[in-house]
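Take a look at the letters that make up each chain.
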Amino acid sequence: MKLAILSRNRNCYSTRRLCEAAEGRGHTVRVLDTLKFSIDLTQGEPELFFRSKVLSQYDAVLPRIGASITYFGTAVVRQFEQMDVFVGNSSAGIANSRDKLRCLQILSKHHIGMPPTTFVRERKDILPAIERVGGSPVVIKLIEGTQGVGVILAESTKIAEAIIETLQSTNQNVLVQKFVAESRGRDVRAFVVGDQVVAAMRRVAVGNEFRSNVHRGGSTERVELSEDAKHLAVRAAQIMGLRIAGVDMLEANEGPQVMEVNSSPGLEGIERCTQLDIAGAVIDYLAAQVDFPEVDIRQRLTVSRGYGVTEIRIPEGSDYVGKTIDESGLPDRDINVLTLYRDTSVIPNPRLKRTLEAGDRLLCFGKLDAMRDLVPEKVRKKRRPKVKELPEEAIEAPAAV
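This one's a predicted model, so the numbers in the text were calculated from it and none came from an experiment.

**Student:** Now, about helix α6 (residues 157-169): what can you tell me, with residues and values included?
**Tutor:** With 13 residues, α6 extends 18 Å from end C-alpha to end C-alpha; this agrees with the ideal 18 Å at 1.5 Å per step. Residues Ala-160, Glu-161, Ile-163, Ile-164, Leu-167 and Gln-168 constitute the buried set of α6. Buried residues of α6, viewed axially, fall in a sector of 165°; they line one side. Along α6, exposed side chains directed more than 90 degrees from the buried face belong to Lys-158 and Ser-169.

Written as structure tokens, this is what we have:
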């Protein structure tokens, strides 16, 4: 495998370990500074230049995109995707995970456990928002902060209000999040590679510090996660479109809760804590996946005229409940079920003999006109407001100013 690692610092621990792991397994690896690329766009031939020279062919790319270069970095990754090169993390996944609000918005739709969170802009909305997440104390977070920077614990409502107003006055976007008291000063980092958690560590803050980041002096200890916690971490990474991710979770009384998903997780802290070859696990995964580059399924499947991708929900009382996919008549209507979502389970490429249940969600590809009839009438009405008829009398033009 010929591997490119996108990194601005070839000497940092994570990049060095990934290079060592790749070379030790007989792969060819090169570290490429993300900002040294040029992106050329021509009809049918997306191309990349590196230091003004045409980039040679690579089998796989592992992005290590820093927060300060997210826009350009994701553009470079996206170009690799258009060139059908396998990328460790998708450009969309990196962009989505980098924004804490966008990350939680995406996860919230998929029944992922998370601390109650709110986002407000108007001053009058601050106090009601704090009450909605359970009242003080609350955690206030900058949307694009990293390594614990921009994370503040407000012990009272008045302090929280003052902090939020101050940050908003400097045009900072902030989240207000419930403070999970039982996990004060502790969280768990699960390192996800593909569809499994390869390592996990608990981070514990020092003294009265409630932020447990290693960069803030927090200590670490190896931890064996429950199957539920592992499943949650893997699902969170997959939903975000990330194959390699650090998923940060709080150990709440009601179960693990995801705080954020990191698309460029550091290796130093977790490798030294767990004594596991995590860099090797990443390289082995990339080597096994190079023949399956990222495919934007909606982009590819919707280029056919009259066809598209949509999600069909099976409500209570539907005629489809109790029938198999085959008996439902969907295949006869040229509608293919790509994936079935049932509660927290994901069933890819479900068999035609799979029986449908109330609450199922079907990701389908087929004729748009045929699928439109399957959207429940109430939903269609909400999405399609009635167009009012124009008055018969002409409307007088406003007088010139």
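**Student:** Would you mind going over unusual backbone geometry in detail, with residue names and values included?
**Tutor:** Cis geometry marks the peptide bond from Ser-136 to Pro-137, where omega comes out at 0°. As for its placement among the helices and strands, Pro-137 is situated in the loop between α5 (126-132) and β9 (138-142). The phi dihedral of Asp-84 falls on the positive side, at around 60°, and the residue is not glycine. Residue placement: Asp-84 occurs in the loop between α2 (70-82) and β7 (86-87). A relative accessible area of 46% places Asp-84 in the partly exposed class. For Asn-349, which is not glycine, the phi torsion reads 45° and is therefore positive. Assignment of secondary structure puts Asn-349 in the loop between β19 (345-348) and β20 (361-367).

**Student:** Let's hear about the sheet that holds strand β4 (residues 47-50): which residues, and what values?
**Tutor:** Here we have three strands laid out as an open sheet, ordered β3-β4-β5, and antiparallel in their pairing. In this open sheet, the two edge strands, each paired with only one partner strand, are β3 (37-40) and β5 (53-54). One ladder, built from two bridges, connects β4 with β5; its direction is antiparallel. Paired with Phe-50 across the two strands is Lys-53, which belongs to β5. Relative to β3, α2 is tilted by about 55°, and along the sheet it contacts β3 and β4.

**Student:** Break down the sheet that holds β9 for me, with residues and values.
**Tutor:** Taking strand neighbours across the sheet as the criterion, the four strands line up as β8-β11-β9-β10 in an open arrangement whose pairing is antiparallel. Either end of the sheet is taken by a strand with one partner, and the two such strands are β8 (117-119) and β10 (151-154). Going from strand to strand, the sheet's axes swing by 25° on average, the running direction of each strand aside. Summarising the sheet, β8 and strand β11 (residues 174-178) pair through three bridges and their orientation is antiparallel. Opposite Phe-119, over in β11, you have Leu-175 as the bridge partner. The strands that helix α4 (residues 100-108) touches are β8, β9 and β11; relative to β11, the one it contacts most, it runs at about 50°. Across the sheet, α6 touches β9, β10 and β11, and the angle it forms with β9 is around 10°.

**Student:** Any chance you could break down the environment of Val-346 for me, citing the residues and the numbers?
**Tutor:** Position of Val-346 relative to the elements: it lies in strand β19. Residue Val-346 is classed as partly exposed on the basis of its relative accessible area, which comes to 46%. Note: C-alpha distance between Val-346 and Arg-361 (15 residues apart in sequence) is 9.8 Å. Once residues within four sequence positions are removed from consideration, Val-346 is found in contact with Thr-339, Leu-340 and Tyr-341.

**Student:** Pulling in residues and values, what's your account of the pairing of strand β6 (residues 60-63)?
**Tutor:** Residues of β6 alternate between two faces, with Ala-60 and Leu-62 on one and Val-61 and Pro-63 on the opposite face, all of them buried. Pairing of strand β1 (residues 2-6) with β6, which is carried by four bridges, proceeds in the parallel orientation. When the sheet's bridge partners are listed, Leu-6 is paired in β6 with Pro-63. As judged from the two bridges shared by β6 and β7, these two strands associate in the parallel manner. From the neighbouring strand, Ala-60 faces β7, where its bridge partner is Phe-86. Following the backbone out of β6, through α2 and into the adjacent parallel β7, one traces a crossover that is right-handed.

Criteria and cut-off values
Residues numbered from 1 in each chain as written. Predicted model: local features only at pLDDT ≥ 70, side-chain atom pairs only at ≥ 80, totals over all residues. Heavy atoms only, no water. Helix = DSSP H or I, 4+ residues; strand = E, 2+ residues; numbered from the N terminus. Expected span 1.5 Å × (residues − 1). Buried < 20%, exposed > 50% of the residue type's maximum accessible area, 1.4 Å probe, protein only. Arc of directions from axis to C-beta. Pairing = 2+ DSSP bridges. Contact = heavy atoms within 4.5 Å. Axes fitted to C-alpha atoms, helices over the stretch in contact; angles between N-to-C directions. Right-handed = clockwise from strand over helix to strand, strands pointing away.

Take it as geometry only, folks, not as evidence of what the structure does.
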